[in-house]
There are 2 protein chains.
Amino acid sequence: MATAKTIPLSKRPLNDASAGDLANVFAALADPVRLRLFDLVRRAGETGVCSCDLVEPLERSQPTISHHLKVLREAGLVESRREGTWLWYSVVSDALDDANAFVQS
Amino acid sequence: MATAKTIPLSKRPLNDASAGDLANVFAALADPVRLRLFDLVRRAGETGVCSCDLVEPLERSQPTISHHLKVLREAGLVESRREGTWLWYSVVSDALDDANAFVQS
DNA sequence: CCATCACATTGATGATTGTCAATGTATTGT
DNA sequence: ACAATACATTGACAATCATCAATGTGATGG
């Protein structure tokens with residue numbers, strides 16, 4: 001007899017926990033400035049981009065950019081590496097896998 | 001000589017307008033209840049699902065569900081069709097195309 | 001016409017958010 | 001040690017949001 005446990009994960013409706021996790025990722029992308037930030041970081045590839053080069057093109061104050069980068073970092077979408085006084089941001093690979101799977105199907 | 005106009009759209013950094021549109025879509029998905037709502041509606045296929053069947057599984061009040069469905073509708077992700085006193089919700093096909101393209105690359 | 005059912009709208013409340021000026025904290029070069 | 005640079009944190013404010021109780025609206029059936 002078929003029980004809930006026999007239903008493959010992908011066929012089961014979203015439970016509250018997974019929905020919460022996914023919603024956090026989408027929330028990180030739910031702001032124009034953060035979307036453009038992520039886009040710029042992603043374009044920079046493995047090398048990444050210095051956050052000092054992100055303030056001007058986005059026309060926001062330095063604290064605002066810093067705040068948005070923190071949101072992206074805490075959502076697991078980007079990571080930073082110190083190089084002297086600079087911070088280089090790059091995308092976390094596979095960070096968008098769940099989001100991708102959800103939006104795809 | 002290469003000018004900005006010769007760069008294909010997909011290779012250009014996100015401008016503010018497209019970022020705003022995309023952010024609106026992600027904002028609609030940035031809530032656990034709405035994610036699960038969208039998931040349930042999508043699972044219902046072309047037929048769609050009566051919104052009366054969405055209140056109980058999500059454990060929210062009827063006005064709250066109604067509010068979230070409105071958000072999804074205004075984001076262009078779902079549409080509704082009247083059937084007597086009921087409203088049947090179904091997904092708008094291709095509504096996630098832009099989001100998919102962004103998350104994919 | 002009236003009661004009922006399905007759903008939307010209103011109004012209120014507490015929580016979260018985007019933004020910036022001011023300030024704090026590392027790190028580097030002198 | 002000091003000044004300068006890069007970035008983070010704090011504190012404040014207006015705006016938006018998720019939620020629900022109460023109420024409104026529109027369709028159906030008797």
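About the thresholds
- Starting from 1, residues in each chain are numbered consecutively following that chain's sequence as written.
- Ligands are numbered from 1 and chains lettered from A, in the order in which they are written.
- The model is predicted, so local features are restricted to residues of pLDDT at least 70 and side-chain atom pairs to those at 80 or more, both for listing and for counting; the totals for chains, interfaces and linings are taken over all residues.
- With hydrogens and water set aside, each side-chain value is computed from the structure's full complement of heavy atoms.
- Two strands are counted as paired when DSSP detects at least two bridges linking them.
- We count a stretch as a helix when DSSP gives it H or I for four or more residues in a row; a strand needs E for two or more, and each element gets its number in order from the N terminus.
- The rule for a residue being near a molecule or strand is that one of its heavy atoms must lie within 4 Å of it.
- In the analysis that follows, any N or O atom pair within 3.5 Å is treated as a polar contact, provided that within protein one partner can donate a hydrogen and the other can accept it, and provided that, for residues neighboring in sequence, both atoms belong to side chains.
- Residues are sorted three ways: Asp, Glu, Lys and Arg are charged, Ala, Val, Leu, Ile, Met, Phe, Trp, Tyr, Cys and Pro are nonpolar, and all the rest, Gly among them, are polar.
- Multiply 1.5 Å by the residue count of a helix minus one, and that product is the helix's expected span.
- For each residue, the accessible area found with a 1.4 Å probe, counting protein chains only, is set against the maximum for its type, and the residue is called buried under 20%, exposed over 50%, and partly exposed in between.
- Whether two residues are in contact is decided by their heavy atoms: any pair within 4.5 Å suffices.
- Axes, fitted as lines to C-alpha atoms, cover a helix only where it is in contact. Angles between the N-to-C directions of the axes lie from 0 to 180 degrees.
- The pairing test for Phe, Tyr and Trp rings, Trp by its six-membered ring, is centres within 6.5 Å, and the orientation test on the planes gives stacked under 30 degrees, edge-to-face over 60, and tilted for anything in between.

### Notes on the pairing of strand β3 (residues 86-91) of chain B
Along any regular strand the residues' side chains alternate between the sheet's two faces.
Residue and element names in this part refer to chain B.
Here comes step 1: In this structure, strand β1 (residues 49-50) lies alongside β3, joined through two bridges in antiparallel fashion. Among the inter-strand pairings, Cys-50 is bridged to a residue of β3, identified as Trp-88.
Here comes step 2: Sheet topology places strand β2 (residues 78-83) next to β3; six bridges connect them, and they run antiparallel. If you follow Val-78 over to β3, its bridge partner there is Val-91.
Here comes step 3: Counting the residues between successive antiparallel strands, the hairpin from β2 to β3 contains two residues, one of them, Gly-84, with a positive phi of roughly 70°.

### So, the protein's contact with DNA strand C
Here comes step 1: Among the 24 residues in the neighbourhood of DNA strand C, the closest are listed as Thr-64 and His-68 of chain A together with Gln-62, Ser-66 and Leu-87 of chain B.
Here comes step 2: For DNA strand C, the fraction of protein-proximal atoms (within 4 Å) that sit in sugar or phosphate groups is 73%.
Here comes step 3: A distance of 2.6 Å separates a phosphate oxygen of DNA strand C from a polar atom in the side chain of Ser-66 of chain B.
Here comes step 4: Ranked by residues supplied to the surface near DNA strand C, first place goes to helix α4 (residues 62-74) of chain B with five residues.
Here comes step 5: Considering only residue class, the surface near DNA strand C consists of eight nonpolar, ten polar and six charged.

### Brief notes about helix α1 (residues 16-28) of chain A
Here comes step 1: Compared with the 18 Å implied by 1.5 Å per residue over 13 residues, the 18 Å span of α1 of chain A between its first and last C-alpha is a close match.
Here comes step 2: Of the residues making up α1 of chain A, those classed as buried are Ala-19, Gly-20, Leu-22, Ala-23, Val-25, Phe-26 and Ala-28 of chain A.
Here comes step 3: Considering only its buried residues, α1 of chain A is in contact with α2 (32-43), α4 (62-74) and α5 (97-104) of chain A together with α1 (16-28) and α2 (32-43) of chain B.
Here comes step 4: Its side-chain oxygen 3.1 Å from the backbone nitrogen of Ala-17 of chain A, Asn-15 of chain A forms the N-cap of α1 of chain A.

### What to know about the sheet that holds β2 of chain B
Residue and element names in this part refer to chain B.
Here comes step 1: Taken in spatial order, the three strands make up an open sheet running β1-β3-β2, and their pairing is antiparallel. A single partner strand is all that each edge strand has here, and the edge strands are β1 and β2.
Here comes step 2: Most of the contacts of α2 go to β3, to which it runs at about 90°, and overall it touches β1, β2 and β3.
Here comes step 3: Each of β2 and β3 touches α4; the most contacted strand, β2, lies at about 120° to it.

### Some remarks on the packing of aromatic side chains
All names here are of chain A.
Here comes step 1: Inspection of every chain in the model, using the stated rule, returns five aromatic pairs over all chains.
Here comes step 2: Judged by centre distance (6.1 Å) and plane angle (65°), the ring pair of Phe-26 and Phe-102 falls under edge-to-face. Here Phe-26, found in helix α1, pairs with Phe-102, found in helix α5; they are 76 residues apart in sequence, far enough to count as distant.
Here comes step 3: Classification of Phe-26 as buried rests on a relative accessible area of 0%.

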